Amino acid sequence: MSNSTSYKQRKEDFVSNLSGGPVSEINNVTAVALSFCLPAGELPGCAQTSKEPGGWKLFAAAPRLPEGDKKKLREHVAVLLWSALQARHSFFQPMTTLGYLVDYGLNVCAILLATTLYSNSPLLLCIFLATPVALVYMLPPSGPNKKKLAIPPPTVDSTKGSERKKDLALDAVPVKPFLTTYRGSMQIITYIAILAVDFHMFPRRFAKVETWGTSLMDLGVGSYVFTAGVVAARPVLKEKASGRSLSPFTRLLMSLRHSIPLLTLGFIRFLSVKGLEYAEHTTEYGVHWNFFFTLGFLPPFVALFQEILRFVPSYAALSMLVSGLYELALNKTDLKAYILTAPRVDIISMNREGIFSFIGYLAIFLAGQDLGMFVLPRKVNPRSDARAGMQRNTLLMTMGVWAGIWVALYNWSSSYSYGLGLTVSRRMANLPYVLWVSAFNSVFILGYCIVDTIFFPAFYNATDKKSETEAYNFATSKVMRAFNRNGLGLFLVANLLTGLVNMTVPTLDVSPVVSMGIMLAYCGTLTILAVVLDNYNITIRL
């Protein structure tokens with residue numbers, strides 16, 4: 001029993017009292033996993049600060065806005081290589097065993113290597129992945145001839161003709177390739193991190209920080225919520241397109257249908273952690289709270305906030321208002337001290353981190369929803385009759401403007417020279433944390449959209465549903481589509497597998513070879529499950 005207790009304590013110490021690392025290093029690592037990195041200025045691009053009230057030594061790493069011709073963003077080289085192989089040689093169509101292996105290697109194993117074996121030299125991995133792109137373009141192209149797809153002439157004088165015309169009509173809110181890649185890669189890096197963090201090969205600076213600072217996993221948690229916000233814009237857009245308006249009560253009831261399964265999972269996780277004496281990090285969310293509770297409470301709160309939009313111009317403005325008022329409360333009242341130091345004597349104080357950080361996560365969700373409102377529709381401006389190319393350029397410019405706004409706001413909030421001098425805290429989900437997550441993901445999605453525009457323009461030029469679906473399937477990774485389809489279900493499976501591994505394997509004591517073997521088996525299991533579910537057209541709805 002003492003050995004078991006001792007090992008549990010070692011596990012808790014392994015993920016406690018961490019201070020993270022600079023944003024510039026996170027950018028370098030995510031250059032492999034994400035499409036674009038935030039501009040990090042001159043490396044390391046960080047500023048050592050003095051002390052935060054309470055004696056915490058801080059390391060603030062604010063990405064600097066680029067200057068002139070020095071402005072350079074690193075493309076997601078794994079997706080870049082995948083896109084070059086597909087666009088130039090149709091390597092993944094039709095899908096073969098080799099295609100699945102290469103797809104898995106580029107979109108899953110590359111992220112695993114960047115966060116483990118190549119964590120100290122991620123740019124070297126970027127070079128290894130980027131070099132073959134030139135070779136791919138040196139070889140003669142073997143891809144299909146991409147001609148503009150023409151819509152078949154409809155038979156307007158028959159019932160079947162009108163039905164056919166309806167079937168060929170393009171959706172106002174299509175499923176876009178770059179968003180599938182964005183969501184898929186975000187989920188993959190999340191699944192990898194939640195198990196890899198229990199092994200020594202995953203650097204401690206990538207694990208969640210105790211209170212102040214930035215880390216890869218801190219970014220991942222916020223990005224998962226941001227991603228959910230982007231997707232949540234779809235039903236709102238469809239409601240507007242239909243011309244109907246739901247009552248606040250109906251909208252609340254619909255949101256509860258999504259919340260109840262997540263809250264149930266939260267209770268199951270809480271009971272299993274306590275019952276199995278699983279190692280837990282109390283200062284992450286509290287004694288009883290966990291991330292499933294945060295996800296579960298978001299839909300009803302967002303439904304209630306829909307009514308506020310009558311008085312606030314956009315979701316982004318609402319996000320800034322919520323996070324700004326929360327930051328004022330943290331700094332002008334005793335709320336910050338309460339969250340960090342209050343004794344755990346009742347249900348509120350026991351779960352104070354989870355309860356109050358929910359405000360910040362709500363702001364992140366709203367920021368994601370704002371981006372989804374203009375990224376998801378076919379037309380940025382519904383009243384515009386501009387051709388597809390002009391619509392795409394307008395979308396890119398709009399995304400670029402908003403990415404610049406979020407980056408500027410983050411730099412302003414975190415700069416000690418010309419801003420508020422605040423430090424990121426995932427534990428409280430404070431203002432700079434909200435702005436950091438929003439900035440990173442906005443630039444990230446912009447990067448994927450640019451890659452899409454360069455390599456797969458056929459999707460945007462499609463004139464009917466069939467050609468658009470074919471172009472979408474051609475432009476997206478099978479593995480990414482599979483992860484994107486059942487993201488929440490796979491997230492649950494990843495948590496169950498993580499618990500199983502930790503209950504059966506002494507992760508702190510195994511060698512790097514064994515650690516990598518376990519991680520490859522874990523990633524392979526999740527990938528196979530995702531692909532099988534997708535092949536059998538199964539969607540897990542929670």
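Calculation rules
- Residues numbered from 1 in each chain as written.
- Predicted model: local features only at pLDDT ≥ 70, side-chain atom pairs only at ≥ 80, totals over all residues.
- Heavy atoms only, no water.
- Core = buried A, V, L, I, M, F, W, Y, C linked by side-chain atoms within 4.5 Å.
- Buried < 20%, exposed > 50% of the residue type's maximum accessible area, 1.4 Å probe, protein only.
- Helix = DSSP H or I, 4+ residues; strand = E, 2+ residues; numbered from the N terminus.
- Contact = heavy atoms within 4.5 Å.
- Phe/Tyr/Trp six-rings, centres within 6.5 Å; stacked < 30°, edge-to-face > 60°.
- Axes fitted to C-alpha atoms, helices over the stretch in contact; angles between N-to-C directions.
- Left-handed = near helix turned anticlockwise from the far one by under 90°.
- Nonpolar A, V, L, I, M, F, W, Y, C, P; charged D, E, K, R; others polar.
- Expected span 1.5 Å × (residues − 1).
- pLDDT = per-residue confidence, 0-100.
- 1 Å grid on protein atoms, 1.4 Å probe; cavity = no way out; pocket = protein on both sides within 12 Å on 5 of 7 lines; lining within 4 Å.
- Points joined across faces, edges and corners; volume = space filled by probe spheres on them.

Asks: Kindly report on the nonpolar core, identifying the contributing residues and their values.
Replies: Within the largest apolar cluster, 140 residues are counted, with the highest numbers of intra-cluster contacts made by F178, I445 and M519. Take this core: its biggest share by element is 16 residues, from helix α17 (residues 431–455). Excluding residues within four positions of it along the chain, M519 makes contact with L112, I192, L195, A196, F199 and M201. Core analysis: the next-biggest nonpolar cluster, separate from the first, contains eight residues, Y326, L330, I339 and M428 among them.

Asks: Break down the packing of aromatic side chains for me, with residues and values.
Replies: Enumeration over the complete set of coordinates arrives at 28 aromatic pairs. With a centroid separation of 6.3 Å and an interplanar angle of 65°, the aromatic rings of Y433 and W436 are classed as edge-to-face. With Y433 and W436 both in helix α17, this residue pair falls three residues apart, about one helical turn. Ring plane angle 85° and centroid distance 5.0 Å describe the contact between F444 and Y448, whose orientation is recorded as edge-to-face. In this pair, F444 and Y448 both sit in helix α17, four residues apart, roughly one turn of the helix. Judged by relative accessible area, which is 0%, F444 ranks as buried. Classification of Y448 as buried rests on a relative accessible area of 2%.

Asks: A description of the packing of helix α7 (residues 177–196) against helix α8 (residues 216–242) should follow, citing residues and the corresponding values.
Replies: Packed helices, taken two at a time, are described by their axes: the angle between them and the distance between them. Closest axis-to-axis distance for the α7/α8 pair is 10 Å, and the angle between their directions is 145°. For the crossing formed where α7 meets α8, the hand is left-handed. Two secondary-structure elements touch here, α7 through L179, Y182, R183, M186, Q187, I189, T190, A193 and I194 and α8 through L216, M217, G220, S223, Y224, F226, T227, V230 and V231. Residue classes in the contact of α7 with α8 are distributed as 12 nonpolar, five polar and one charged.

Asks: Which residues make up α17, and what values do they have?
Replies: Between its first and last C-alpha atoms α17 spans 37 Å; for 25 residues at 1.5 Å apiece the expected length is 36 Å, and the two agree. α17 sits mainly inside the fold: 23 of its 25 residues count as buried.

Asks: Any details on the side chain of S349? Residues and values, ideally.
Replies: Relative to the elements of secondary structure, S349 occurs in helix α14 (residues 347–350). We classify S349 as buried; its relative accessible area is 1%. Residue contacts for S349: discarding those within four places in its chain leaves Y338, P343 and R344.

Asks: Please provide a residue-by-residue account of the environment of V173, values included.
Replies: Mapped onto the secondary structure, V173 falls in the loop between α6 (159–168) and α7. Here V173 falls in the buried class, since its relative accessible area comes to 9%. Note: C-alpha distance between V173 and A241 (68 residues apart in sequence) is 9.1 Å. Ignoring sequence-local partners within four residues, the contact set of V173 consists of R234, L237, L376 and P377.

Asks: How would you explain the packing of helix α4 (residues 97–115) against helix α20 (residues 478–485) if you had to name every residue and give the values?
Replies: Between α4 and α20, the least distance of the axes is 8 Å, while the angle of their chain directions is 65°. Every residue of α20 that contacts α4 at Y100, D103, Y104, N107 and V108 is listed here: K478, V479, M480 and F483. In terms of residue class, the contact of α4 with α20 is built from six nonpolar, one polar and two charged.

Asks: Summarise the confidence of the model for the protein chain; cite the residues concerned and give the values.
Replies: Summing up the model confidence of the protein chain, the mean pLDDT is 83 and the portion of residues at 70 or higher is 84%. Note that residues 33–75 has pLDDT below 50 and, in this model, 113 contacts with residues that lie over four places away or in other chains. Within the model, pLDDT remains below 50 along residues 145–156, and this stretch shows 15 contacts once partners closer than five positions in the same chain are excluded.

Asks: Outline empty space enclosed by the protein, listing residues and values.
Replies: A water-sized probe, rolled over the atoms, reveals where empty space remains. With the rule as written, the count across this model stands at four cavities of 30 Å³ or more. By volume, the largest cavity amounts to about 100 Å³. In terms of lining residues, the largest cavity is bounded by 13 residues, among which V79, W82, S83, T181 and A475 are the most central. Only α3 (77–89), α7 and α17 provide two or more residues apiece to the lining of the largest cavity. Looking at side-chain class alone, the lining of the largest cavity contains eight nonpolar, four polar and one charged residues.

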